[in-house]
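Observations on the model geometry
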Amino acid sequence: MSTPTSPADVKLPQRSGTVSSGFTRRTSMSDDEAIPDTDSSETTNLLLERLRAWKHMCGYLEDYFSATAKVQKSQSKDYEKILKAVNEPLKEGHHFSSSAGGVAGLFENLRNNTQGMVTMYLDGEKNIKNGVLPTLERLHKEIKNKSKELSTGATKGAKAVEKARNLTQKHIELLGQNSACFDAAASGKIEQHHDPYLLKRGINHRLNNQVNEENNHRQDILAVQNSFQQFEAHVLQTVQSTMEQFHQHMGGQLERQQAMYADILGTAQRIPPDFEWINFCMRNDATLVNPDSPPRSFSSITFPNMDHRSTQPLIEGSLERRSRAVIKGYNTGYYVVTPARYLHEFKDNDDFRRDPAPELSLYLPDCVVGAIDGVKFNVKGKDVSSGKIGNAFHTNTELSFKAHTPNDAEKWWSVIKEATRAPTVAAAAPTAAPTLASPTATSPAAISPSGAASPSRSVSGQTQPPTYAENEMEKTQSAQASAAAPVAATPVSASPADASPTAGISRTGSTASHFHTSPGGSAVEKS
């Protein structure tokens, strides 16, 4: 049977350009906020609600044809049931355009024509049950399956995003608390795992994971969102095919019936496949994800206290440390001296591949710094990187470090030596000046560039065995008794390099040196 020509054959202008030109969506996530103030499941819930609307639309059509089949059998009295099946408004009807030419207009047309079919014969009952309804039932199942697929996949991604955001927020708050404690009590000891420098690097690690989860979830939702137009076109095309088949079954009835069903078919076919989707996008442009917006970039994100002075290293770079197993010799690592007066050792300077937990941490005020021997120097202290329980089993150990050049060693030694002093030492120095009885205590060879005791480097460049500060008190008492010990001198008049803060050191990308210090820091090059 040839398909009769209907007004639905007239091609309407394509509206694909309306989607791109009419969209003025806001970006759902701000690139300059660490924790965006958005709901990661907002788009998913909207699309799920839309699928429910299509499912109910399909259910309305099934009810319509089922009622039609019954009316074919019970004639005019049962045809009243057909009108009741479509007499109520569509569920989630606000998802459909209220203008003529859409799904809402189709159902309005169904109501009007059904009113005129009250006296229709029952000849098409068998054809409706065996040909029209199964197609709609399959379509109904397709919509349900797509809704289930979206709900399962998107919910999992949204939970992963929320979990990652909670971890980042927790560590940002922890950084704020410890940064405030650092400012309030600069001389107080900060626990190793509360070092603001470590907390910042921990935030970097978790924020990078969060951004990856957000971008992955966004990509999943965007892929589902982009497939909706094609899926809805399939739904409407299936409905149109069903209407055409229904029209063929009912074509043998009275001419009046045929004209009414032709009108129903024409109304359905006149709906462009993307008509409802375009209108839906225009009404919800502020909620849907904008496919033209770029993914989030880690480099443009800021978070509180990221530039706080307690997070900036005094000096950082690569050093070699002698392994405790003598047979292994020296191992290279990445070391940092922080404003909290910790010396941290890391495997590398990468915050993203793994959580940057220190391999070794020394609280410098509790350590003893030895003298420089060429490119080597020693630090004696206790590793505090294992927490309270692990630290209880650690003992003081003498660690041997080796810099790449003597100049590098001088800078590292100066910064570490300065970090071992309490901040109040400089203010109390004038009262200690009268204790300098020996003229040799002010000798240039006895004062290091940082104003500390001589690192046993003589003017001739020869080196001596390391002298630790823990022996200086005994020697000072002996000097007061005999007035003949040159090592009893304590730093009195600090050089300008001693008075300047060491927190101004910044991280650079230079490859000419294995560490980086800013102008005015404690790491002063020896001329």
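Residues numbered from 1 in each chain as written. Predicted model: local features only at pLDDT ≥ 70, side-chain atom pairs only at ≥ 80, totals over all residues. Heavy atoms only, no water.

**Details of the overall build of the chain**
The condition is simple: What counts as a helix is a DSSP run of H or I of at least four residues, what counts as a strand is a run of E of at least two, and both are numbered from the N terminus. Summary of the burial criterion: residues with accessible area below 20% of their type's maximum are buried, those above 50% are exposed, and those between are partly exposed, where the area comes from a 1.4 Å probe applied to protein chains only. Residues are treated as being in contact if the distance between any of their heavy atoms lies within 4.5 Å. Surface exposure here means Shrake-Rupley accessible area, sampled with a 1.4 Å probe, where a residue is shielded only by the protein chains that are shown.
Along the backbone of the chain there are 12 helices and 8 strands. Per-residue burial for the chain yields a buried fraction of 46% across its 527 residues. Within the chain, contacts between residues at least 6 apart in sequence are counted, and of these 75% link residues at least 24 apart. For the chain, the exposed area adds up to about 26,200 Å²; of that, 52% sits on carbon and sulfur atoms.

**Digging into the pairing of strand β5 (residues 368-373)**
Each regular strand displays side chains that alternate between the two surfaces of the sheet. Selection criterion: The pairing criterion for strands is at least two bridges between them, as found by DSSP.
Of all 6 residues that make up β5, 5 are buried, and the element is covered over most of its length. The pairing of β5 with strand β6 (residues 376-381) spans 4 bridges and is classified as antiparallel. When the sheet's bridge partners are listed, Val369 is paired in β6 with Val379. The antiparallel pairing of β5 with β6 creates a hairpin that spans 2 residues between the two strands, and Gly374 there sits at a positive phi of about 70°.

**Some points on the nonpolar core**
Keep this limit in mind: What is meant by a nonpolar core is a set of buried Ala, Val, Leu, Ile, Met, Phe, Trp, Tyr and Cys residues, joined one to another through side-chain atoms within 4.5 Å.
Within the largest apolar cluster, 50 residues are counted, with the highest numbers of intra-cluster contacts made by Met57, Tyr64, Phe65, Val103, Phe107 and Met243. Examining the composition of this core, we find that 16 residues originate from one element, helix α2 (residues 42-85), more than from any other. Residues Leu360, Leu399, Ala403 and Ile416 belong to the second largest nonpolar core, which totals 23 residues.

**Digging into the packing of aromatic side chains**
The geometry of an aromatic ring pair is captured by the separation of the ring centres together with the interplanar angle, meaning the angle of the planes. The line we're drawing: By convention, a stacked pair of Phe, Tyr or Trp rings (six-membered ring in the case of Trp) has centres within 6.5 Å and planes under 30 degrees apart, an edge-to-face pair has planes over 60 apart, and any other such pair is tilted. Put simply, a charge is over a ring when the Lys NZ or the Arg CZ is close to the ring centre, within 6 Å, and near the line of the ring normal, within 35 degrees.
For the structure on display, the rule yields 13 aromatic pairs. For the pair Phe228 and Trp277, a centre-to-centre distance of 6.0 Å together with 40° between the ring planes defines the contact as tilted. In this pair, Phe228 is assigned in helix α5 (residues 196-249) and Trp277 in helix α7 (residues 275-283), connecting sequence segments 49 residues apart. On the basis of relative accessibility, which here comes to 0%, the residue Phe228 falls in the buried class. Members of the aromatic cluster, connected to one another through ring pairs, are Tyr64, Phe65, Phe246 and Tyr261. Over the ring of Phe280 we find Arg50, and its NZ or CZ is 4.1 Å from the ring centre. It is Lys146 that lies over the ring of Phe231; its NZ or CZ is 5.1 Å from the centre.

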